[in-house]
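Here are the chains, one letter per residue:
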Amino acid sequence: MKRLDGIGHVLSGLDISAIRTQADVNRTLWTLDAASKCVRAVLAEFRTQPATEQLVRKSRNLIDLIERARDQVVSFESRDPILS
């Protein structure tokens, strides 16, 4: 749970509204993709052990948040002619 909390803490520091350049988009997408991989790695680590419902629920919530944020960044990028 501590690792998932740490991933959530990092994600809470992302500010999609502060994206101004293509480098910002790339950095944000890289961060979201890395966070998603980390969450999945935590889940995989407990695959052979009985995972608690709390761990599974928190992981799914983080993955959903990551996917929504990623969609926002991609949408933001396609709407802004300077970034596309």
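These lines cover the structure that appears in this document, whether it is placed above or below. (Residues numbered from 1 in each chain as written. Predicted model: local features only at pLDDT ≥ 70, side-chain atom pairs only at ≥ 80, totals over all residues. Heavy atoms only, no water.)

## So, the overall build of the protein
This is how it is decided: Elements are defined by DSSP. Helices are runs of H or I of four residues or more, strands are runs of E of two residues or more, and each kind is numbered from the N terminus. For every residue, the accessible area obtained with a 1.4 Å probe (protein chains only) is divided by the maximum for its type, and the residue is called buried under 20%, exposed over 50%, and partly exposed between those limits. Should any heavy atoms of two residues lie within 4.5 Å, those residues are considered in contact. Residue burial considers only the protein chains on display, and all accessible areas are found by Shrake-Rupley using a 1.4 Å probe.
A tally of helices and strands in the protein yields 3 helices and 0 strands. Of the regular secondary structure in the protein, the N- to C-terminal order runs α-α-α. Here the protein holds 84 residues, and 31% of them are scored as buried. By sequence separation, contacts in the protein at least 24 residues apart represent 70% of the contacts at least 6 residues apart. Summed over all atoms, the accessible surface of the protein reaches about 5800 Å², with 55% contributed by carbon and sulfur.

## Focus: helix H2 (residues 22-45)
For clarity, the threshold we go by: Multiplying one less than the number of residues by 1.5 Å gives the expected span of a helix.
In this model H2 runs 34 Å from its N-terminal to its C-terminal C-alpha over 24 residues, within 8% of the 34 Å that 1.5 Å per residue would give. The set of residues buried in H2 consists of Asp24, Val25, Thr28, Leu29, Thr31, Leu32, Ala35, Ser36, Val39 and Val42.

## Concerning the packing of helix H1 (residues 2-12) against H2
Going by this rule: Convention adopted: a line fitted to C-alpha atoms gives each axis, helices being fitted over their contacting stretch, and angles between N-to-C directions are expressed from 0 to 180 degrees. Angle categories are assigned with fixed cut-offs, so that under 35 degrees is roughly parallel, over 145 is roughly antiparallel, 65 to 115 is roughly perpendicular, and the rest are oblique.
Contact pair H1 / H2: the axes reach a minimum separation of 10 Å and the direction vectors enclose 170°. If you check the angle between H1 and H2, you find them roughly antiparallel. On H2, the residues touching Arg3, Leu4, Ile7, Val10 and Leu11 of H1 are Thr31, Leu32, Ala35, Cys38, Val39, Val42 and Glu45.

## Concerning the pattern of salt bridges
Which entries qualify depends on this criterion: We count a salt bridge whenever a side-chain nitrogen from Lys or Arg sits within 4 Å of a carboxyl oxygen from Asp or Glu.
Per the counting criterion, the structure on display carries 6 salt bridges. Two residues, Asp24 and Arg27, come together in a salt bridge whose shortest N-O distance is 2.7 Å. With Asp24 and Arg27 both in helix H2 and 3 residues apart, this pair spans about one turn of that helix. Of the residues examined, Asp24 reaches a relative accessible area of 16% and is grouped as buried.

## Brief notes about the nonpolar core
Which entries qualify depends on this criterion: Each nonpolar core is a collection of buried residues, namely Ala, Val, Leu, Ile, Met, Phe, Trp, Tyr and Cys, held together in the definition by side-chain atoms within 4.5 Å.
Leu4, Leu11, Val39 and Val73 are the most contacted members of the largest nonpolar core, which has 18 residues in total. Of all the secondary-structure elements, those providing two or more residues to this core are H1, H2 and helix H3 (53-79). At 7 residues, H3 tops the list of elements feeding residues into this core. Apart from the residues within four sequence positions on either side, Leu11 is in contact with Leu32, Ala35, Leu62 and Ile66.

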